[in-house]
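Each chain, written out:
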Amino acid sequence: MSPRAFIERALEHLPALRRVGRRLTGSAVEADDLVQETLARALEQRGALKEPASLKAWLLAVQRTVFLNSRRGLWPRLEVLEGGRGQPLPPEPSADLEVELHAHALSEGMRAALDALAPEWRDALWLREVEELSYDEIAQVQGCPVGTVRSRLARARLAVFDFLEKEKSHGSL
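Procedures and definitions
Residues numbered from 1 in each chain as written. Predicted model: local features only at pLDDT ≥ 70, side-chain atom pairs only at ≥ 80, totals over all residues. Heavy atoms only, no water. Helix = DSSP H or I, 4+ residues; strand = E, 2+ residues; numbered from the N terminus. Contact = heavy atoms within 4.5 Å. Polar contact = N/O pair within 3.5 Å; in protein donor to acceptor, adjacent residues only side chain to side chain. Axes fitted to C-alpha atoms, helices over the stretch in contact; angles between N-to-C directions. Parallel < 35°, antiparallel > 145°, perpendicular 65-115°, else oblique. Left-handed = near helix turned anticlockwise from the far one by under 90°. Core = buried A, V, L, I, M, F, W, Y, C linked by side-chain atoms within 4.5 Å. Buried < 20%, exposed > 50% of the residue type's maximum accessible area, 1.4 Å probe, protein only.

### Examining the environment of R122
Part 1: With respect to the helices, strands and loops of the structure, R122 is situated in helix α8 (residues 119–129).
Part 2: Spatially, the C-alpha atom of R122 lies 9.6 Å from that of V160, the residues being 38 residues apart in sequence.
Part 3: Not counting chain neighbours up to four residues away, the residues in contact with R122 comprise R23, L114, D115 and L117.
Part 4: Looking at R122, its side chain comes within polar contact range of the main-chain oxygen of L117, at 3.1 Å.

Written out as structure tokens, the structure reads:
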């Protein structure tokens, strides 16, 4: 596939790359940087794409790798800078209407339930329910077997349900 054709096809998945980038980084600005780096890396490695039909999943896998590589060795420093609080970043205002609608589409309880999940579970659930990736595509993005994806999704769904039930019984929702 020519570089121009590849970029045209890849740009069709820009909204998904931005959404997932925002979930990974917690920042619209960092997400845009991540998307740019992802597209540059994907263009360089476009020959590694074996199935053009799975371009979205392949791009999200490249994005995850770029993100993880950018974070190596950064966590200890972040803990010191954050004072060890480990609090999630507040949502930033955005000029992107889709991002704003998406951020406000989740109730406070649902956002809290998702934030309470292990990152691998949360990401698998997000990729399935929001990005509508197949189990095989999620396995490709997360670099794990399909059985692990099934397990993560089942556990994530159960954990969200339990969290929301507990919150409801305590009158928090």
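Moving on, there is more to tell.
### Let's talk about the packing of helix α4 (residues 55–71) against helix α9 (residues 135–142)
Geometrically, a packed helix pair is captured by the angle between its two axes and the distance between the axes.
Part 1: At a minimum axis distance of 7 Å, the contact between α4 and α9 shows a crossing angle of 25 degrees. Relative to α9, α4 is oriented roughly parallel. Here α4 and α9 pass one another in a crossing that is right-handed. Of the residues in α9, those touching α4 at A57, W58, L60, A61 and R64 are E137, Q140, V141 and Q142.

### What to know about the nonpolar core
Part 1: Core analysis: the biggest nonpolar cluster contains 33 residues, and F6, W58 and L59 have the highest contact counts within it.
Part 2: Mapped onto this core, the elements with two or more residues apiece are α1 (3–11), α2 (14–25), α3 (28–44), α4, α7 (108–116), α8, α9 and α10 (146–169).
Part 3: With 8 residues, α4 is the largest single contributor of residues to this core.
Part 4: When sequence neighbours within four positions are dropped, the list of residues in contact with F6 reads M1, A42, L43, R46, L49, L55, W58 and L59.

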